[in-house]
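Examining the three-dimensional arrangement
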Amino acid sequence: MRNINIKQLFKKNWIHFLAIALFIVTTLIYFQPQFSGYSLKQHDIEQFKGMSNEINHFREVNEEEPLWTNSMFGGMPTYQISTKYDGNLLRNVYKGFQLWMSSPAGMFFAYLLGFYIMLLCMKVNPKVAILGAFAFAFSSYYIIILQAGHNTKAAAIGLAPPVIGAFYMAYRHQLKWGLLLSALFMTLELIANHVQVTYYMGIVLVFLGIGEFIRYIKEKQLMRFLKVTGGLLVAYLFALGMNYGNLALTNDYSKYTIRGGNDITIGVDGTSTENIATSGLDKDYITQWSYGIKESMTLLSPNIHGGASSALGNSQFSDLLRTPEMRSKATLVAQNNIYWGDQPFVSGPVYLGIIVFFLAILGMIYLRGTMKWALFSATILALMLSWGKNFMGLTDFFIEHVPFYNKFRAVTIVLAVVELTVPLVAVLFLNRLFKQREEIKKNIKPFYIASGVTLGLLVLLTFTGLGDGYLSQQESEVVYGYEDQVRAQLANEDPQLLMENGIDINNPQQVQQIVDQQMKRVNDQFDALVDVRKSIYQSSMLRSILFLIVGILLVWLYLMKPVRKEYILGGLFVFILIDLVSVDINYLNNKKSDGRNYDYWAENAKNDFPVAATQADKKILELETKNNPELKKLVDNVKVNSGNERGRVNPDELWLKKLQTLGAATNYRVYEPAIGFNSSRASYFHKAINGYHGAKLRRIQNVKDFHINYNNMAVFNMLNVKYFIQGNEARTNPGALGNAWLVKEVNVQASPNMEILSLGNLFLIENKSQNQLLVNNSEKKTDTITGREQIVLLAGDSISLDLMPVIRSGMNSSFVQDVNGQTNWIPNAELAKDTLGSFTTLVSVQSIHNFDPKNEVIVGEAVANNLSSLTYSGEGSIEMTSYAPNALSYQVNVEEQQFAVFSEVYYPEGWNAYIDGELVDIERVNYLLRGIELPAGNYTLEMRFEVPKFKTANNIALAGSILLFILIGGFFFKDFLMKKEDEVATE
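Residues numbered from 1 in each chain as written. Predicted model: local features only at pLDDT ≥ 70, side-chain atom pairs only at ≥ 80, totals over all residues. Heavy atoms only, no water.

Broken down by element type, the protein chain carries 37 helices and 29 strands. The globule rule puts the C-alpha radius of gyration for 987 residues at 30 Å, and the 33 Å found for the protein chain is close to it. C-alpha extents for the protein chain along the principal axes are approximately 115 × 85 × 70 Å. Evaluated residue by residue, the protein chain yields a buried proportion of 53% over its 987 residues. (Helix = DSSP H or I, 4+ residues; strand = E, 2+ residues; numbered from the N terminus. Rg over C-alpha atoms; globule rule 2.2 N^0.38 Å. Buried < 20%, exposed > 50% of the residue type's maximum accessible area, 1.4 Å probe, protein only.)

So, in structure tokens, the structure goes:
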């Protein structure tokens, strides 16, 4: 007979309940504003709200998933923006893992709980595991990404440790629960939906798996290894199945994004990119954020490269400018960047905690078995991969040979592995220290050596520096090249103007005097900056030395004196927290700089609606409803759900609802160049060409590079950009072509390169002389160009031809030489009047194509072969009658066969077209738009985004969720809640 023994369960597991209570209390304290009406001001979350606005509105109104949105980049799938898979019931467990709290508190709690669970799976003493959880959760990188709003990354990081713990459990001591928990935690990890972090965690699992293989081989248990490995693979396949929808649809989508291939093999200047292209992201994009090799010292000391990117006068080090020795120099350096590392900018350092790092060193000395070497190998590899462009041999190898590695950008994210593996080794050492003190005490010499070497190295580096002169590479180049820059500037000035200012450019002594004056100003500024940075560096190193000494003393006391382990553990806990938290609060704290407003927090009402509609947004609404009474009535009758205690409506919410209602009933686009292409501000209120996403469609990126950056109005017109937002002004574009139009001519191009180039103006350049004409360093007699190429004529000296005068004039022109040897561009019409032969034509340029999207359509040869004709009359009409992000309807009335172009982004995985219910082909036209050949008649044309995999995925996830709940619930009840009476009596 079996009985449920709840009392005994609590008695045996009180430490775990205490741990969870500590985690909750710490979370409530550190993130106190979140529980009193505030939320973090997170940049990425603000951007997310813009990119997901149309999705959320459609979901709210229609209670279904759209799977497509037109709010960003002209249109894209929602798979990596916001898609809910309601069939996956484990999403509720995912929320429970964060204690049903939103970010950042929920994510931080997941850090603590996840690391604690991992250590319990490894049979670490729960008290030591509590320390380890705090050491992990307060690592600076993990706090900084919370402030930035990288919520999916944080969630994936928090769930990675229990995946590793279950992996360890399966191999070491409990196969059944190891496999069940592996299926559970890997499913939750994939729900977090940050594939890059999961990929890096997979690298750790590979190293741990190799370690286990070696261990099993030594123990001659290969068959058991294969059994466990097979079981884990089944568990992970189960997790993949549970997340089939997200993974399969994302995989389909990735092929068409900037993380997939690129059918364009030239740059905007016409040069070949075939040698630098990959099947994923471009190498420069992958390695844009690369950790400096010397910058890796931030793992040991937080501010050795200045901390976060900000002006010195606005940083936590601004007090240094008020010291007596710096007061006179403060104005010279106050606006200089306090960060001097190799990255474009950073939000803060990646700091492990020096005590944690030291304990990990001792772990590498005193721990036994293959696991420490597996973790060490993963750590070193991750660190080297984080160097990116600073260690291109390894980076190139991974980009070119390791599957999927080239799909990820910002290689510094791999440092999340280091901030997991190093605390893990440190905690495993502590666990062994408290269990086997006498054994370690007998072999204490390595402890003394490690302590002395680590301490000595820090002391040495404190006074020698890292050899970077406390300047970034860019700053060093400015200093070393400034004298040449001053001389070049003087040489380019008008000599007469200089003489009027008393400067004789031909007087070397006077020139040198001016150069010396300018160099003194620059040198004074940089000398002052170096002094400040050196002070920051040394104070950071001394800080680490102090904490290191404390860590060494605490371990020494436990080994050499009769001190209870609880006191040592408490001491380590306190000083590790002081060390880490004192760094973290510089990047996420609860301070109020003005006594009223938090530095990092804002009231929920503000963060819920972080973007206020501008006068331009309101003007667009006015223009769209001006001649449409029904639409105006619909917009005016909008109601909002919330109000303050006085019943006043939040105006930001009201305007959002009005513009959401407008967007659901109309289909136009806007472009806001001032905010940059990568911003979702405009997407918050409209369907925009701008957007914010790390995996935008490749075709819109290419069109942006080749045409949008150069303000090609023909491209804006075909994309139906009806309004240009400039500050508070909305400028109407009368050339916008609307939702669909009929064309007359099909322009067939032989390659994607020519397709995209044909969206602009093309010119024929011809060498009319006996000299060599080089187009991008290749000799040409004639060539088709856009005008952005490097054109050089080798006529004695090299003459670089500036084609801008020709392009701006729009006239066929020739580059000529007169009788005096002077060269210039002359329009051919004017050159024809030269009856005296005063000019010799060297090069001619004539326009051969001006893209006219209203009347012509650009297609590739494959599309042309599907068409019945290459010319059409363009007679008839096609008008949109209804809009939804995933369903578009048009009324067509044509008396003969026509070809229609739609201002909608082409995407082959889901978009289908129907004429009166019959499927018809959608062709890719104008490089990134949709086109359909229309039969004669009066009928309805529909486009629908249909993704059968989505429904299949939900059904699979539902079945898998139920199965996993039954298995875990059944075994938990059997193994932990039910005991035989005699077992209870014995206890």
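Anyway, onward from the coordinates.
Attention now moves to the sheet that holds strand S24 (residues 911-915). Pairing is antiparallel across the open sheet formed by 5 strands, whose spatial order is S21-S22-S28-S24-S25. Every other strand in the sheet has two partners, leaving strand S21 (877-884) and strand S25 (918-920) as the edge strands with one partner each. Mean inter-strand twist for the sheet, computed between neighbouring axes without regard to direction, equals 25°. One ladder, built from 3 bridges, connects S24 with S25; its direction is antiparallel. If you follow Ile915 over to S25, its bridge partner there is Glu918. (Pairing = 2+ DSSP bridges. Axes fitted to C-alpha atoms, helices over the stretch in contact; angles between N-to-C directions.)

All right, on to helix H30 (residues 698-706) then. The element H30 is largely enclosed, with a buried count of 7 among its 9 residues. Within H30, the full set of buried residues consists of Arg698, Ile700, Gln701, Asn702, Val703, Lys704 and Phe706. Buried positions along H30 lie against helix H31 (713-718) and helix H32 (752-757). (Contact = heavy atoms within 4.5 Å.)

This paragraph deals with the packing of helix H7 (residues 126-137) against helix H25 (residues 565-584). Close contact between H7 and H25 brings their axes to 10 Å; oriented N to C, the two are set at 5°. The orientation of H7 with respect to H25, classified from their angle, is roughly parallel. The residues of H25 that touch H7, namely those facing Lys127, Val128, Ile130, Leu131, Phe134 and Ala135, are Glu566, Leu569, Leu572, Phe573, Ile576, Leu577 and Leu580. (Parallel < 35°, antiparallel > 145°, perpendicular 65-115°, else oblique.)

Turning next to the pattern of salt bridges. Under the defined criterion, the tally for this structure stands at 30 salt bridges. Its salt-bridge partner being Glu212, residue Arg172 comes within 2.9 Å of it at the nearest N-O pair. With Arg172 in helix H9 (residues 151-172) and Glu212 in helix H11 (residues 195-218), the pair connects residues that are 40 residues apart, well separated along the chain. Glu212 sits in the buried class, given a relative accessible area of 5%. Taking the shortest distance from any N to any O, the salt bridge between Lys283 and Glu400 comes out at 2.9 Å. A residue pair is termed long-range when its members are at least 10 positions apart, and Lys283 in helix H14 (residues 283-286) and Glu400 in helix H18 (residues 392-401) qualify at 117 residues. A cluster of three or more residues bridged by salt bridges with shared partners is formed by Arg172, Glu212, Arg215 and Glu219. (Salt bridge = Lys/Arg side-chain N within 4 Å of Asp/Glu carboxyl O.)

Moving on, we come to the packing of aromatic side chains. Across all of its chains, the model carries 54 aromatic pairs by this definition. With 5.1 Å between their ring centres and 65° between their planes, Tyr30 and Phe31 make a pair best called edge-to-face. The ring of Tyr558 has Arg437 lying over it, and the distance from NZ or CZ to the ring centre is 4.3 Å. The ring of Tyr927 carries the charged tip of Arg699 above its face, separated from the ring centre by 4.6 Å. (Phe/Tyr/Trp six-rings, centres within 6.5 Å; stacked < 30°, edge-to-face > 60°. Lys NZ or Arg CZ within 6 Å of the ring centre and 35° of its normal.)

Across 8 bridges, the pairing between strand S22 (residues 887-894) and strand S28 (residues 937-945) is antiparallel. Paired with Val892 across the two strands is Tyr939, which belongs to S28. Across 5 bridges, S24 lies against S28 in antiparallel orientation. Bridging across to S28, Ile915 finds its partner in Leu941.

This next bit is on H18. Residues Leu394, Thr395, Phe398 and Ile399 constitute the buried set of H18. Viewed end-on, H18 has its buried residues packed into an arc of 130°, placing them on one side of the element. Structural note: H18 exposes Gly393 and His401 on the side pointing more than 90 degrees away from its buried face. (Arc of directions from axis to C-beta.)

Contact pair helix H16 (residues 354-366) / H25: the axes reach a minimum separation of 8 Å and the direction vectors enclose 125°. Judged by the inter-axis angle, H16 sits oblique to H25. Residue-level contacts link Ile354, Ile355, Val356 and Leu359 of H16 to Leu572, Phe575, Ile576 and Asp579 of H25. Counted by class, the contact of H16 with H25 contains 7 nonpolar, no polar and 1 charged residues. (Nonpolar A, V, L, I, M, F, W, Y, C, P; charged D, E, K, R; others polar.)

Let's shift gears to the environment of Pro948. Considering the arrangement of structural elements, one finds Pro948 in helix H36 (residues 948-977). In this structure, the C-alpha to C-alpha distance between Pro948 and Gly245, residues 703 residues apart in sequence, is 10.0 Å.

A few words now on the sheet that holds strand S6 (residues 669-671). Pairing in this open sheet of 3 strands is mixed, and the strands run S6-S7-S8 from one edge to the other. Looking at strand neighbours, the two that pair on one side only are S6 and strand S8 (729-732), the edges of this open sheet. Adjacent strand axes in the sheet meet at a mean angle of 30° when their direction is disregarded. Those strands touched by helix H27 (residues 615-625) are S6, strand S7 (721-726) and S8, and its axis lies near 150° from that of S7.

Bringing a nonpolar patch on the surface into the picture now. Taken together, the side chains of Val206, Ile210, Phe213, Ile214, Ile217, Leu222, Met223 and Leu226 present a nonpolar region at the surface, about 730 Å² in accessible area. When residues of the nonpolar patch are traced back to their parent elements, those giving at least two are H11 and helix H12 (222-242). With 5 residues, H11 is the largest single contributor of residues to the nonpolar patch. By the secondary structure assignment, Leu226 is in helix H12. (Patch = residues over 30% accessible without salt bridge, like charges linked within 9 Å, V, L, I, M, F, W, Y side chains within 5 Å. Areas by Shrake-Rupley, 256 points an atom, 1.4 Å probe, with all protein chains shown as cover.)

Our focus in this paragraph is unusual backbone geometry. Between Ser103 and Pro104 the backbone carries a cis peptide bond, its omega angle lying at 10°. The backbone of Glu63 sits at a positive phi, close to 55°, despite the residue not being glycine. Among the secondary structure elements, Glu63 is positioned in the loop between helix H4 (53-62) and strand S3 (68-69).

What follows concerns empty space enclosed by the protein. Enumeration according to the criterion identifies 2 cavities of 30 Å³ or more in this entry. Within this model, the largest cavity holds a volume of roughly 80 Å³. What lines the largest cavity is simply Tyr142, Ile157, Ala160, Ile164, Val197, Tyr200, Met201, Val204, Ala416, Val417 and Leu420. Residue assignment for the lining of the largest cavity shows that the elements contributing at least two residues are H9, H11 and helix H19 (415-435). No other element matches the 4 residues that H11 contributes to the lining of the largest cavity. Its boundaries defined by the atoms lining it, the second largest cavity holds a volume of some 60 Å³. (1 Å grid on protein atoms, 1.4 Å probe; cavity = no way out; pocket = protein on both sides within 12 Å on 5 of 7 lines; lining within 4 Å. Points joined across faces, edges and corners; volume = space filled by probe spheres on them.)

The predicted model of the protein chain averages 90 in pLDDT, with 96% of residues at 70 or higher. Taken element by element, the protein chain is modelled with least confidence in helix H37 (residues 981-986), mean pLDDT 42, and with most confidence in strand S9 (residues 740-743), mean pLDDT 98. Note that residues 980-987 has pLDDT below 50 and, in this model, 8 contacts with residues that lie over four places away or in other chains. (pLDDT = per-residue confidence, 0-100.)

Of note, Glu419 is situated in helix H19. This buried residue, Glu419, is left without a salt bridge; Lys153 holds the nearest opposite charge, at 11 Å. If we ignore the near neighbours within four places in the chain, the residues touching Glu419 are Phe136, Ser139, Ser140, Tyr141, Tyr142, Val350, Tyr351 and Leu352. (Lys, Arg positive; Asp, Glu negative; His and termini not counted.)

Turning next to the side chain of Arg215. Note that Arg215 resides in helix H11. A residue is classified by how much of its surface remains accessible, and Arg215, at 18% relative accessible area, is buried. A polar contact of 3.5 Å, which involves the side chain of Arg215, links it to the backbone oxygen of Tyr171. When sequence neighbours within four positions are dropped, the list of residues in contact with Arg215 reads Tyr171, Arg172 and Thr370. (Polar contact = N/O pair within 3.5 Å; in protein donor to acceptor, adjacent residues only side chain to side chain.)

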